[in-house]
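# Examining the three-dimensional arrangement
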Amino acid sequence: QVQLVESGGGLVQAGGSLRLACAASGSIFSINAVGWYRQGPEKQRELVAAIISGGRTDYADCVKGRFTISRDNAKNTVFLQMNSMKPEDTAVYYCNALIVPTYSLTEYDYWGQGTQVTVSS
């Protein structure tokens with residue numbers, strides 16, 4: 001079994017920072033890509049940032065220059081550093097990963113349970 005667990009959410013004032021972590025555990029052969037998504041109140045889920053196995057990163061325009069995605073391969077953990085936060089960043093943040101388990105040659109799509117981020121004005 002493979003599991004993703006997010007942590008680091010909370011309440012922060014506008015202009016402040018938070019660091020989210022997504023830890024993958026279980027029978028993992030490889031992690032090919034990881035993305036952070038968010039879903040605000042009455043909004044559709046959107047991709048915020050992504051990192052692929054080669055280290056390339058990509059960001060939504062609304063977070064470029066403020067958010068940074070990074071990974072610790074040894075710990076199977078991906079981080080999302082969020083700086084200069086705005087009230088519109090308020091959302092539930094989800095981790096998504098494309099993982100090949102050790103018991104299969106197939107890549108599967110996994111989601112974490114989500115972590116609430118609230119930015120007060």
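Preceding block: the structure.
Keep in mind that what you see is a predicted model, and the values were worked out from it rather than measured.

The rules behind each value
- Residues numbered from 1 in each chain as written.
- Predicted model: local features only at pLDDT ≥ 70, side-chain atom pairs only at ≥ 80, totals over all residues.
- Heavy atoms only, no water.
- Helix = DSSP H or I, 4+ residues; strand = E, 2+ residues; numbered from the N terminus.
- Rg over C-alpha atoms; globule rule 2.2 N^0.38 Å.
- Contact = heavy atoms within 4.5 Å.
- Areas by Shrake-Rupley, 256 points an atom, 1.4 Å probe, with all protein chains shown as cover.
- Lys, Arg positive; Asp, Glu negative; His and termini not counted.
- Charge placed at Lys NZ, Arg CZ, Asp CG, Glu CD.
- Core = buried A, V, L, I, M, F, W, Y, C linked by side-chain atoms within 4.5 Å.
- Buried < 20%, exposed > 50% of the residue type's maximum accessible area, 1.4 Å probe, protein only.
- Disulfide = S-S within 2.5 Å.

### Regarding the overall build of the protein
Summing up its helical and strand segments, the protein has zero helices and eleven strands in all. Overall, the protein shows an N-to-C arrangement of helices and strands of β-β-β-β-β-β-β-β-β-β-β. Its C-alpha atoms give the protein a radius of gyration of 14 Å, within 12% of the compact-globule value 14 Å for 121 residues. In terms of principal-axis extent, the alpha carbons of the protein reach across some 45 × 25 × 25 Å. A separation threshold of at least 6 residues defines the contact pool for the protein, and within that pool the share at least 24 residues apart is 57%. Total accessible area on the protein stands at roughly 6500 Å², and carbon and sulfur atoms take up 48% of it. Charge centroids of the protein, computed over 10 positive and 10 negative side chains, lie 5 Å from each other.

### Some remarks on the environment of Leu47
Positionally, Leu47 belongs in strand β5 (residues 46-52). Along the chain, Leu47 and Tyr94 lie 47 residues apart, while their C-alpha atoms are 9.3 Å from each other. Ignoring sequence-local partners within four residues, the contact set of Leu47 consists of Gly35, Trp36, Tyr37 and Ala60.

### Describing the nonpolar core
Ranked by size, the top nonpolar core spans 31 residues in total, and within it Trp36, Leu80, Met82, Tyr93 and Ile99 carry the most contacts. When contributions to this core are tallied by element, the ones reaching two or more residues are β1 (2-7), β3 (18-26), β4 (28-39), β5, β7 (67-72), β8 (77-82), β9 (91-101) and β11 (115-120). In terms of residues, this core owes the most to one element, β9, which gives five residues. Not counting residues within four places of it along the chain, the set of residues in contact with Leu80 comprises Leu18, Arg19, Leu20, Trp36, Val48, Ala49, Phe67, Thr68, Ile69 and Tyr93.

### Remarks on the state of the cysteines
Evaluation of the coordinates by the stated rule reveals one disulfide. Disulfide partner of Cys22: Cys95, at an S-S distance of 1.9 Å. Between Cys22 and Cys95 the disulfide shows an S-S torsion of about -75°. By sign, it is left-handed. Of the two residues, Cys22 is situated in strand β3 and Cys95 in strand β9; the sequence distance between them amounts to 73 residues. You'll find Cys22 and Cys95 in the same group, each marked buried. Left without a disulfide partner, Cys62 is nearest to the cysteine sulfur of Cys95, which lies 18 Å away. The class for Cys62 is partly exposed, based on a relative accessible area of 39%.

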